[in-house]
Each structure stands twice: as structure tokens, then as C-alpha cells.
Amino acid sequence: MDKDVSGTFSALLQEDRRFPPPPQFAEQANVRDAGVYEEARRDPEGYWAGQAKQVDWFTPYQRVLEWNAPWAKWFVGGTLNAAYNCVDRHLKTWRRNKAAIIWEGEPGEQRVLTYRDLYREVNQAALALRALGVGKGDTVAIYLPMIPEAVVAMLACARLGAPHTVVFGGFSPESLRERINDAKCKVLITADAGYRRGNLVALKANADAALNGETPTLRHVLVVQRVGAKANVTMQAGRDVWWHDAVAPHAGKEIAPEPVDAEHPLYILYTSGTTGRPKGLVHTTGGYLVGTMTTTRAIFDLKDEDVYWCTADVGWVTGHSYIVYGPLANGVTQVMYEGAPDWPDKDRFWALIAKYGITILYTAPTSIRTFMRWGAAYPQRHDLSSLRLLGTVGEPINPEAWIWYRDHIGGGRCPVVDTWWQTETGMIMISPLPGLTTTRPGSATFPFPGVDADILDEQGKPVPLGSGGYLVIKRPWPAMMRSIWGDPDRYVSQYWSKYPGIYLTGDGARRDEDGYFWLLGRVDDVLNVSAHRIGTMELESALVSHPAVAEAAVIGITHEIKGQAPAAFVTLRGDVEPSEALKKELSDHVAKKIGGIARPEKVFFTAELPKTRSAKIMRRLLRDIAEGRVVGDTTTLTDPTVLADIKARYAQEEA
Ligand code: PRX
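Reading the values: rules and limits
Residues numbered from 1 in each chain as written. Predicted model: local features only at pLDDT ≥ 70, side-chain atom pairs only at ≥ 80, totals over all residues. Heavy atoms only, no water. Buried < 20%, exposed > 50% of the residue type's maximum accessible area, 1.4 Å probe, protein only. Helix = DSSP H or I, 4+ residues; strand = E, 2+ residues; numbered from the N terminus. Pairing = 2+ DSSP bridges. Near = heavy atom within 4 Å. Polar contact = N/O pair within 3.5 Å; in protein donor to acceptor, adjacent residues only side chain to side chain. Areas by Shrake-Rupley, 256 points an atom, 1.4 Å probe, with all protein chains shown as cover. Nonpolar A, V, L, I, M, F, W, Y, C, P; charged D, E, K, R; others polar. Core = buried A, V, L, I, M, F, W, Y, C linked by side-chain atoms within 4.5 Å. Domains from an automatic or database assignment. Contact = heavy atoms within 4.5 Å. Buried area = accessible area lost by both parts, 1.4 Å probe. Salt bridge = Lys/Arg side-chain N within 4 Å of Asp/Glu carboxyl O. Axes fitted to C-alpha atoms, helices over the stretch in contact; angles between N-to-C directions. pLDDT = per-residue confidence, 0-100. Phe/Tyr/Trp six-rings, centres within 6.5 Å; stacked < 30°, edge-to-face > 60°. Parallel < 35°, antiparallel > 145°, perpendicular 65-115°, else oblique. Patch = residues over 30% accessible without salt bridge, like charges linked within 9 Å, V, L, I, M, F, W, Y side chains within 5 Å. Lys, Arg positive; Asp, Glu negative; His and termini not counted. Charge placed at Lys NZ, Arg CZ, Asp CG, Glu CD.

Student: In this structure, what is going on with the pairing of strand E24 (residues 503–511)? I would like to understand it.
Tutor: Within E24, eight of the nine residues are buried, leaving the element largely enclosed by the surrounding structure. In terms of strand pairing, strand E22 (residues 468–473) meets E24 through five bridges, oriented antiparallel. When the sheet's bridge partners are listed, Gly469 is paired in E24 with Ala509. Of the pairings in the sheet, the one linking E24 to strand E25 (residues 517–522) comprises five bridges and is antiparallel in character. Following the sheet pairing, Arg511 is matched in E25 by Phe517.

Here it is, written out as C-alpha cells:
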């Protein structure tokens with residue numbers, strides 16, 4: 001196992017405070033009986049079958065699970081519709097006029113959509129998509145800001161049985177094109193522009209650049225007017241249609257939700273791996289809904305009276321599982337905010353909490369560290385007493401940030417749930433249950449009921465308590481990805497080959513003497529920058545696509561706010577002169593190729609890169625240099641002098 005993470009771990013373990021659930025919280029919690037762990041352990045399929053009762057099925061399933069490792073089918077033979085479960089069924093209850101989404105734009109406008117409003121909008125949008133030729137099984141790309149139409153668009157696709165692929169609005173035209181082509185999308189849904197920190201994000205212009213005659217399967221672009229004249233977009237006749245024009249003819253009309261098989265793909269979501277190309281993870285309908293509904297209810301203790309806010313973007317899996325499907329299937333009232341946390345000032349989040357009486361907040365450690373740096377005076381300006389539960393996701397949380405979150409945001413009274421999961425897992429896998437679990441800052445605590453997590457050594461043996469190894473999941477779970485879109489072999493080799501029949505997460509973990517899980521970060525070549533995954537290979541291919549670059553190696557360096565940040569070691573082509581301007585140009589180039597989140601924090605020029613005799617770049621050694629550690633084993637290097645040279649140059653540049 002990669003040794004780089006051991007430093008983080010010793011820092012984590014220094015914090016030994018324990019927080020039992022506050023008695024008043026425990027008394028009212030959705031999950032109060034610790035027997036659920038044992039019940040689910042004894043009969044996992046029975047446990048999940050019990051949870052599946054929360055979902056409305058059109059036809060009942062015949063078997064809970066069919067497992068031909070690594071291929072899973074959950075709720076075999078059942079049919080359902082995800083949009084029906086998130087919207088239609090609430091219309092038969094008192095929730096019909098309950099607020100589903102309370103939206104606030106960055107400039108300050110508000111919109112409230114009740115479940116009935118959502119129903120109308122989803123129907124209209126589904127009819128508009130159908131008129132553009134979208135039917136069951138067709139794929140649709142969504143590239144939108146955080147506006148209600150993003151949720152409506154996803155649900156409209158689900159209503160038709162058309163898998164969506166949401167592309168985060170911060171991604172570049174090239175990344176958008178790559179995803180549209182890989183998923184073979186027929187329609188793209190975008191907006192004229194979005195707001196971010198008072199500026200416009202030119203989504204339509206990016207989409208035009210992405211398409212540019214190079215997306216053969218794409219027929220139409222549906223454009224939401226978010227900004228208006230200021231965005232100054234050009235519409236291409238025959239291809240582009242305004243959303244408001246497309247939905248207008250369908251006002252008041254309905255389209256029946258398409259009954260789909262439990263295993264019908266609900267969406268494809270691209271995520272970074274260890275190769276240069278992002279992979280499209282496929283999530284299906286029945287098991288995914290069961291998994292996200294169950295975890296939302298149990299971990300966020302969601303009640304009908306709650307006002308829930310997950311600050312993620314719908315472009316990431318957190319937005320899929322814990323803004324759209326899990327919460328809406330549970331009939332939540334949630335807040336959705338379009339913009340930046342520091343617009344117009346650094347207290348926007350806290351102003352929103354006070355304004356809407358938010359009770360549950362789910363955000364990322366990177367944001368919490370930013371808020372810490374800005375200072376407690378910002379939250380202190382506002383009444384945060386409505387909050388009753390806090391959650392975190394996306395990366396390991398350092399105990400200082402955890403305690404700060406608990407004290408300054410949660411007023412010391414709210415349980416904190418540190419939730420570990422991945423795009424691949426679809427649902428939260430390791431997390432406290434807030435009414436039962438004694439939490440420890442920095443630990444995601446225990447696997448969710450029915451989740452069989454373990455930590456293995458290189459040979460596949462469970463490590464003893466107190467030691468670290470590879471985090472694995474030993475039994476299928478309902479929201480698991482089913483494959484990689486168009487590349488089933490990669491699904492098998494990437495996740496199920498190191499230990500056959502066992503899911504390899506790619507994360508390192510340790511379990512302490514009390515059985516608590518402590519996540520240690522990735523053990524593969526994937527970075528976690530501000531809770532977003534970026535593969536080192538993607539960054540490296542972006543760098544070598546620049547004419548000045550001969551070769552590049554990217555590593556993650558520890559960053560106070562972002563957790564990790566990319567640092568690039570670059571070998572220039574023979575005739576190119578190194579300069580500060582070139583460093584900036586290379587950073588900009590990566591940001592332009594992939595998106596702003598991928599921008600390298602540092603660029604170093606080196607004469608050569610350290611390689612093994614089989615020509616593999618030894619990033620581990622570069623990390624040792626960058627983190628100022630004693631450089632590890634170099635015996636497999638072709639030329640050990642390369643390292644001394646890099647070290648000297650690095651020290652020079654850092655000084
Ligand atoms: O390394 C783990 C980290 O984020 C990775 C998954 O990233 P992604 O698929 O983008 O999904 C993020 C949102 C679910 C994991 O492999 N990670 C996520 N949550 C935690 C975490 N690391 C430690 N603690 C967490 N709570």
C-alpha cells in the first residue's frame with residue numbers, strides 16, 4: 001500500500017474526542033434500534049427487501065438479488081419509474097402542495113416549486129424532449145447551472161426512460177464533447193449562461209465550442225434562458241431550441257411515466273480513474289432508488305418538517321443521489337442555491353440557513369476549511385439555531401475542521417455525519433447513524449447496515465484492528481454501479497480483479513481498536529482536489545498536448561483548503577526555454593482542456609522524470625520530494641541521479 005497516506009493518518013488519530021448522540025436527537029431519530037446492524041448482517045437481502053417497500057413498483061420484483069460476480073441484478077423482474085417515485089406519488093398525499101425545491105439564484109431571486117409544480121414542469125419537459133425525438137434508451141446530456149431546470153431535466157429524462165449524463169458546468173468544451181460522444185447523446189440541455197461570483201459562466205458558448213460539428217450523434221440543443229440578453233447567445237437554426245419555446249405547447253399536458261425494468265439505466269456519470277479517459281459509470285433504477293432512499297432517511301434523519309440543503313452541484317454524484325433521487329423520493333423540502341458562498345459576502349450560506357430555517361446541512365470538508373479561514377464572525381452574524389444535523393462528504397475531514405463545523409455551525413448541539421462513498425457506490429457506504437453512533441472527529445465510523453466493508457492486505461487477508469490496507473466491499477449493494485458504459489472489461493479489471501468477487505474501492509483505510517473506519521485517501525493515481533476527483537493521467541495528457549511539453553508527471557500535494565492540489569513536473573521539448581510565463585501558460589492550458597478545477601497549483605521544469613526500468617514514472621518519489629520527506633526506495637530507478645537533480649531544482653524553486 002502507498003505509504004504517503006500514513007502521515008495524514010497519524011494526524012487523524014491524535015484527536016480522541018468522542019461524541020455520543022445527543023439524547024434529545026436520539027429519542028426522535030428515524031433509526032433508533034442498533035439491532036438493525038445485526039439484522040442486516042444476518043440477512044442482507046431480507047434487509048434490502050424490507051427497504052424496497054418504500055419504493056412504488058409498477059410490477060413487483062421476483063428476486064431481490066442475482067449475483068454473478070461482478071455482475072449484479074437487483075430486484076429482478078420489477079418495473080418502476082424514478083420520476084414517478086420522486087414526483088407523481090407525492091401528489092396522492094398531503095405533500096402535493098408541499099415545497100419540493102426552494103431555489104435562490106446568486107443575484108437573489110427566489111422560486112418555490114411544490115411537488116405539484118414539479119409534476120407540471122417535469123411533464124412538460126418530458127413532452128418537449130419527446131418532440132425532439134428522445135425516447136426510452138436514448139441518452140441526453142445535461143450541462144446546466146444550479147437552477148430548478150437541472151432537476152426538472154433529469155426527472156424528465158427519467159420519466160421517458162432516457163438515461164441522462166450530467167456534465168458539471170465548470171467542465172471545458174472539450175470535456176463536454178468527450179462525454180457527449182462517449183455516451184452517444186441525442187440531445188444536450190444547457191442554458192444561455194449561469195452566475196458565479198457575479199460573473200457569467202458562458203455555458204451556451206462552451207456548448208457551441210464543444211459541438212462544432214464534432215458530435216455526430218447529437219441532434220438538438222435545448223437552451224434554458226437563465227440570464228437573458230446579457231448572455232448574448234447565438235442559436236443555430238434547426239439545431240438549437242429555447243427551452244421555454246419547446247415546453248410552451250405542452251402546458252397542462254401529461255405524459256405517463258415509462259415503466260422501466262429495475263435494471264434499466266437511470267444515468268451515466270463520468271468520473272476520473274487511473275487512465276487518461278474518464279469512465280462513464282452506469283447506475284440503474286430499482287436498486288439505486290432503494291439505496292439512496294434508505295440512506296437519506298437513515299443518515300440525514302430526514303423528516304417531513306425538515307428543510308434540507310445539500311450544497312453539492314448536480315453535476316456530481318452527490319447531487320444525483322442526495323439532491324435529486326434520495327431526497328425527492330422521500331418527499332423532502334430542500335433548498336437549492338445557484339452560486340458562490342462568498343457572494344455578495346462571505347456569509348451567504350449562513351444567511352440562507354437563517355432565511356429558510358434550514359435544519360440539515362450537507363457539504364464538503366474543503367468548504368468547511370474555507371469557512372474556517374474566513375472566520376467565525378461570518379456565521380455569528382446569523383441565527384443558525386434551526387440546524388439540527390450536519391453532514392460532510394467528498395474527502396477525509398481533518399479533526400480541526402470537524403470540531404469547528406460542530407461548534408461554530410452546529411452550535412455544539414448537532415450530530416455530525418461524515419459520509420464516505422463514491423460515484424461508483426451510488427449511495428453512502430460508511431457513515432454514522434446520527435441517533436445511534438458515537439462519533440469521532442475524522443472517522444466515518446461504521447459501514448451502513450447491509451454494507452459489508454473490510455480492509456485487506458496485499459494478499460487479500462483482512463488486516464488486524466489497528467492496521468491499514470485496501471478498503472473493499474465484499475458483498476453487492478443495491479445502488480452499486482453496474483458497469484462502465486461501453487467498456488465492461490474495464491469495469492472488471494479496474495474494480496474486481498485485485499481480489500476476485502470483491503469490490504476494490506481505490507481508497508486506503510484503517511480500523512482502530514474499537515472498529516472505527518478511518519479513511520486515508522486514494523491509493524491509486526487519482527487526486528482529490530476540493531472533494532473532486534481528477535486522475536493524474538488526465539492531467540498529464542492535457543499537459544503533453546501542449547506543444548512545449550515533452551513529458552509530464554502530476555502528483556497531488558497537500559493543500560490547506562483544497563485537501564490536495566495538482567503539482568506538475570514537466571520536461572520541455574529540446575528547443576523550448578523554461579520561463580515563469582510558460583508555467584502560467586501550461587496551468588492555463590490544463591484549465592482550458594479539462595476545466596478550472598484541474599488547474600495545477602505548481603509547475604516545475606525538470607530535465608528528466610524518474611522512471612523504473614519498465615519506463616513507469618515513479619510518482620511516489622516525486623511526492624516524497626514535494627512533501628519534503630526522505631525519498632523512498634529508489635533501487636528500481638533506471639537512473640538514480642535524475643532524482644538528485646529534481647530535488648535540487650525543486651529546492652531552488654521553492655526557495
Ligand atoms: O477517496 C474517497 C473520497 O472521494 C472519493 C470518491 O469521489 P467521487 O466519486 O467523486 O465521489 C465523491 C462524493 C461521494 C473516494 O474514493 N471520499 C468521499 N467521501 C469521503 C472520502 N474520503 C474520506 N472521507 C469521506 N467521507
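The discussion continues.
Student: How should the site of the ligand be read in this particular structure?
Tutor: Neighbouring the ligand are 17 residues; Asp418, Thr419, Thr423, Asp507 and Arg533 lie closest to it. One of the backbone N or O atoms of Gly394 is found 3.1 Å from a nitrogen atom in the ligand. At 3.3 Å, a backbone N or O of Glu395 approaches a nitrogen atom of the ligand. In isolation the ligand offers 540 Å² of accessible surface; the protein chains occlude 96% of this area. Only helix H12 (317–329), strand E20 (416–419) and E25 provide two or more residues apiece to the shell around the ligand. Class assignment for the residues of the shell around the ligand results in six nonpolar, six polar and five charged.

Student: Can you walk me through the nonpolar core in this structure?
Tutor: What tends to happen in soluble globular proteins is that the nonpolar side chains get buried as a cluster. Of all hydrophobic cores here, the largest spans 162 residues; its most connected members are Leu118, Leu155 and Tyr325. The element contributing the most residues to this core is helix H7 (residues 148–160), with ten residues. Counting contributing residues per domain, this core is built from domain 1 (12–508) and domain 2 (530–654), each supplying no fewer than three. Excluding residues within four positions of it along the chain, Leu118 makes contact with Val87, Ala100, Ile101, Leu113, Val152, Leu155 and Leu328.

Student: Looking at this structure, I do not really get the environment of Val64. What am I missing?
Tutor: Structurally, Val64 is set in strand E1 (residues 63–68). Counting along the chain gives 15 residues from Val64 to Ala49, while the straight-line C-alpha distance between them is 6.4 Å. With residues near it in sequence (within four places) discarded, Val64 still touches Glu45, Ala49, Lys73, Trp74, Phe75 and Val76.

Student: For this particular structure, what's the right way to read the domain arrangement of the protein?
Tutor: Think of interface size as the accessible area that goes away when the parts come together; that is how it is often given. What the domain assignment lists for the protein is domain 1 (12–508) and domain 2 (530–654). Taking only C-alpha atoms, the centre of domain 1 and the centre of domain 2 are 33 Å apart. Residue-level contacts link 25 residues of domain 1 with 19 residues of domain 2. Approximately 1,600 Å² of surface area, both sides summed, lies buried where domain 1 meets domain 2, with 48% of it carried by carbon and sulfur atoms. The three residues of domain 1 that bury the most area against domain 2 are Ser272, Trp316 and Arg369, which together make up 27% of that side's buried surface. The interface formed by domain 1 and domain 2 holds two salt bridges in total. In this structure, the salt-bridge partner of Glu424 is Arg533, at a minimum N-O distance of 2.9 Å. Counting every contact that joins domain 1 to domain 2 gives twelve residue pairs in polar contact (both at pLDDT 80 or more). Secondary-structure elements contributing two or more residues to the side of domain 1 that touches domain 2 are helix H8 (173–183) and helix H14 (365–374).

Student: Sorry, what's going on with the sheet that holds E25 here?
Tutor: One key point about sheets: their strands pair by backbone hydrogen bonds, in either a parallel or an antiparallel sense. Taken together, the four strands give an open sheet; going across it, the order is E21-E22-E24-E25, and neighbouring strands pair in antiparallel fashion. Each of the sheet's edge strands pairs with one partner strand only, and the pair in question is strand E21 (453–456) and E25. Strand-to-strand, the axes of this sheet are offset by a mean angle of 45 degrees, without reference to chain direction.

Student: Sorry, what's going on with the confidence of the model for the protein here?
Tutor: Caution is warranted with low-pLDDT regions, since their predicted coordinates should not be read in detail. Of all residues in the protein, 98% attain a pLDDT of 70 or more, and the chain-wide mean is 95. Contacts for the low-pLDDT stretch residues 1–11, under 50 throughout, to residues beyond four places or in other chains number 18 contacts.

Student: What's the story with the packing of aromatic side chains in this structure? I'm lost.
Tutor: Centre distance and the angle of the planes are the two values used to describe a pair of aromatic rings. Evaluated as defined, the whole model comprises 38 aromatic pairs. Ring geometry for Tyr47 and Trp48: centres 5.0 Å apart, planes at 65 degrees, overall edge-to-face. The exposure classification of Tyr47 matches that of Trp48, with both residues buried. Seen from their ring centres, Phe300 and Tyr322 are 5.7 Å apart, and the 75 degrees between their planes marks the pair as edge-to-face. Taken together, the positions of Phe300 in the loop between helix H11 (286–299) and strand E16 (307–310) and Tyr322 in helix H12 put the pair 22 residues apart, joining distant regions of the chain. The same class applies to Phe300 and to Tyr322, which are both buried. By the ring-pair criterion, three or more aromatic residues cluster together here, those being Trp67, Trp71, Trp477, Tyr491, Tyr495, Trp496 and Tyr503.

Student: What exactly am I supposed to notice about the packing of H11 against H12 here?
Tutor: Helix packing geometry: the angle between the two helix axes and the distance between the axes. Where H11 meets H12, the axes come as close as 8 Å, and the angle between the chain directions of the two elements is 85 degrees. Comparing the axis directions of H11 and H12 gives the class roughly perpendicular. Contact residues: Tyr288, Leu289, Thr292, Met293, Thr295 and Thr296 in H11; His320, Ser321, Tyr322, Tyr325, Gly326, Pro327 and Ala329 in H12. Along the lines of polarity and charge, the residues of the contact of H11 with H12 split into seven nonpolar, six polar and no charged.

Student: It is not clear to me how the sheet that holds strand E5 (residues 110–114) should be interpreted in this structure. Could you clarify?
Tutor: The sheet built from seven strands is open, its strands ordered E5-E4-E17-E16-E18-E19-E20 with mixed pairing. The open sheet is flanked by E5 and E20, the only strands paired with a single partner. In this sheet, adjacent strand axes meet at a mean angle of 20 degrees when their direction is disregarded. Where E16 lies against strand E18 (residues 360–363), three bridges are found, and the strand directions are parallel. Considered in E18, the bridge of Cys310 is made with Tyr362. Of the strands in this sheet, strand E4 (99–104), E16, strand E17 (333–337), E18 and strand E19 (389–393) are in contact with H12, which crosses E16 at around 160 degrees. Lying on the sheet, helix H16 (residues 399–409) is in contact with E18, E19 and E20; it crosses E19 at an angle near 150 degrees.

Student: Looking at this structure, I do not really get a negative patch on the surface. What am I missing?
Tutor: On the surface, Asp33, Glu39, Asp43 and Glu45 cluster together into a negatively charged patch. Relative to the elements of secondary structure, Glu39 occurs in helix H3 (residues 35–42). The partly exposed category is assigned to Glu39, whose relative accessible area is 45%.

Student: Honestly, helix H18 (residues 536–544) in this entry has me stumped. Any pointers?
Tutor: Side chains three or four residues apart in an α-helix point the same way, a direct result of the helix having 3.6 residues per turn. Of the residues making up H18, those classed as buried are Thr536, Glu538, Leu539, Glu540, Ala542 and Leu543. Here the buried face of H18 lies against strand E26 (526–529), strand E27 (532–535), strand E28 (549–559), strand E29 (563–572), helix H19 (580–593) and helix H20 (619–626).

Student: So what exactly am I meant to see when it comes to the pairing of strand E14 (residues 265–271) here?
Tutor: Two faces, one strand: in a regular strand the side chains alternate between the faces of the sheet. Most of E14 sits out of view: six of its seven residues are buried. Of the pairings in the sheet, the one linking E14 to strand E15 (residues 279–284) comprises six bridges and is antiparallel in character. Bridge pairing in E15 links Thr271 to Lys279.

Student: In this structure, what is going on with the side chain of Thr423? I would like to understand it.
Tutor: Among the structural elements, Thr423 can be located in the loop between E20 and E21. With sequence-adjacent residues up to four places away left out, Thr423 is seen in contact with Leu269, Thr271, Leu281, His283, Val317 and Arg533.

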